Amino acid sequence: MFIVKKIKDRELKEFYLNMGRLLKAGIALKKAIEFQEKNCRTLELRKRISNLSKKIEKGEELYLVLNNERLIEEQETLIIYVFENTGNLAGGFLKLAELKERKEKLNSEIKVALSYPIFILVVSFLVLLLIFFFIVPNFKEIYGESQNIPLLTKIILKSSDILNQYPYILIFQVILFFGGVQYLICKKSYQNFPILKRYLTERYLITILENISTLLISGISLDKTIDVVLGAIDNKKLKNKLFVLKNIKRGEPLSSCFDKVNILKKEEIDMIRVGEESGTIALIIKELASIRELELEKKLKIILKLLEPILLLIIGITISLFVVGLYIPILNVGDSLNI
């Protein structure tokens, strides 16, 4: 079975950006593609650009060739199609570059949000290992086979014995942990976590509002704008929810469509309605996206600030349980001697 190599998003973003700049500078499409082919540093991408050039010369549609050569995703074909038919192909490629940039920014924000908790968990895990392998055995020698010790102490000592006798259990746990993390990343299952799910939904909504504004400002009609925006959404649930926006083709105002979706605040819908009446809907939607962006950044900062003390508290409690569990018998002996 032939496996098509995936081009990195960073390389595709650079390809879109260069194509947009060249076309915007007045370079012909054929010359722009040839320039890209000559200056491409990746063999696989150069091969696909070469195929693109040959197929364009044969008269094939640009958006279809880009899709067939895996240079754009399925939902991005409509963007190229619409911009090309409105005589602004350069804007289409620049829009694709912007979408890739936003995707990279989103992934980067998620990694930053998760990096600190993961770091804390790894450090905590190492601390617990040091306790189990180097500290707990010393206490086991002190207590010997005594049965007159608290349950918490027994659990700690027994766990230490198991890990020392069967170290492969620890190796299995480490593999299971990192394998689980890798699985969550590959399958994007982390997106189902309540906090991240809410964050991603809000981020998608901001992107949608910005895309609608950008396309309207570019001179694309509202119905085509909605088609392009919905086609570019890769979140199926959100896409199905926003499908009602297509009602604008029946003459229904965009504000009424958003009102049915129930994802915008009442005052935001009122602002869109005012924009429709005054003919400034593109600017109004752009302003709404900016306001939501600022609010989301504030919420993210608050969550990250709260996450640090919460994790430290959990780690402190965990280590305290070990300390208390190991020292309770000694304290009990001290109390008995005093009596």
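Owing to the predicted nature of the structure, the values given are computational and were not obtained by experimental measurement.

(A) How the structure looks around helix 5 (residues 77-85). Residues of helix 5 that are buried include every one of Thr 77, Ile 79, Ile 80, Val 82 and Phe 83, and no others. Phi turns positive, to about 75°, at Gly 87, one or two residues after helix 5.

(B) Up close: the packing of helix 2 (residues 29-39) against helix 3 (residues 43-57). Where helix 2 meets helix 3, the closest approach of the two axes is 9 Å, and the angle between their N-to-C directions is 160°. Considering the angle they form, helix 2 stands roughly antiparallel to helix 3. Like other packed secondary-structure pairs, helix 2 and helix 3 cross with a definite hand, here left-handed. Every residue of helix 3 that contacts helix 2 at Lys 30, Ile 33, Gln 36 and Glu 37 is listed here: Arg 46, Ile 49, Ser 50, Leu 52, Ser 53, Ile 56 and Glu 57. The class makeup of the residues in the contact of helix 2 with helix 3 is 4 nonpolar, 3 polar and 4 charged.

(C) Quick look at unusual backbone geometry. Positive phi, normally seen in glycine, also occurs at Arg 70, with a value near 60°. Despite not being glycine, Asn 262 has its phi angle at roughly 65°, a positive value. Residue placement: Asn 262 occurs in the loop between helix 12 (254-261) and helix 13 (266-278).

(D) Geometry of the confidence of the model for the protein. Summary statistics for the protein give a mean pLDDT of 80 and a share of 86% for residues scoring 70 or more. Mean pLDDT values for the elements of the protein range from 64 in helix 8 (residues 167-186) up to 92 in helix 13. Low pLDDT, under 50, characterises residues 335-339; the stretch is placed with 0 contacts to residues that sit more than four places away or in other chains.

(E) Highlighting the pattern of salt bridges. Summed over the entire model, instances satisfying the criterion amount to 18 salt bridges. With its nearest N and O atoms 2.7 Å apart, the salt bridge here joins Glu 202 to Arg 292. You can see Glu 202 sitting in helix 9 (residues 194-217) and its partner Arg 292 sitting in helix 14 (residues 281-338), a full 90 residues away along the chain. Pair check on accessibility: Glu 202 and Arg 292 agree, each one buried. Note that Asp 227 and Lys 246 form a salt bridge whose closest N and O atoms lie 2.5 Å from each other. Here Lys 246 lies in the loop between helix 11 (236-242) and helix 12 and Asp 227 lies in helix 10 (residues 222-231), a separation of 19 residues in the sequence. Here the salt bridges share partners, and the residues they tie into one network are Asp 9, Glu 73 and Lys 100.

(F) Looking closely at helix 13. A rise of 1.5 Å per residue sets the reference length of helix 13, with its 13 residues, at 18 Å; its end C-alpha atoms lie 18 Å apart and thus fit the reference within 8%. Restricting attention to buried positions, one finds in helix 13 the residues Glu 268, Ile 269, Ile 272 and Gly 275. Around the axis of helix 13, the buried residues are gathered within 115° of arc, so they sit on the same side. Within helix 13, the exposed residues directed more than 90 degrees away from the buried face are Lys 266 and Glu 277. A positive backbone phi angle near 80° is found at Gly 279, which sits one or two residues after helix 13.

(G) Local environment of a nonpolar patch on the surface. A cluster of nonpolar side chains, namely Leu 152, Leu 313, Ile 317, Leu 321 and Val 324, defines an oily patch on the protein surface of about 420 Å² accessible area. The element that contributes the greatest number of residues to the nonpolar patch is helix 14, accounting for 4 residues. With respect to the element layout, Leu 152 can be found in helix 7 (residues 151-165). Residue class for Leu 152 comes out partly exposed when judged on its relative accessible area of 31%.

Definitions and limits used
Residues numbered from 1 in each chain as written. Predicted model: local features only at pLDDT ≥ 70, side-chain atom pairs only at ≥ 80, totals over all residues. Heavy atoms only, no water. Buried < 20%, exposed > 50% of the residue type's maximum accessible area, 1.4 Å probe, protein only. Helix = DSSP H or I, 4+ residues; strand = E, 2+ residues; numbered from the N terminus. Axes fitted to C-alpha atoms, helices over the stretch in contact; angles between N-to-C directions. Parallel < 35°, antiparallel > 145°, perpendicular 65-115°, else oblique. Left-handed = near helix turned anticlockwise from the far one by under 90°. Contact = heavy atoms within 4.5 Å. Nonpolar A, V, L, I, M, F, W, Y, C, P; charged D, E, K, R; others polar. pLDDT = per-residue confidence, 0-100. Salt bridge = Lys/Arg side-chain N within 4 Å of Asp/Glu carboxyl O. Expected span 1.5 Å × (residues − 1). Arc of directions from axis to C-beta. Patch = residues over 30% accessible without salt bridge, like charges linked within 9 Å, V, L, I, M, F, W, Y side chains within 5 Å. Areas by Shrake-Rupley, 256 points an atom, 1.4 Å probe, with all protein chains shown as cover.

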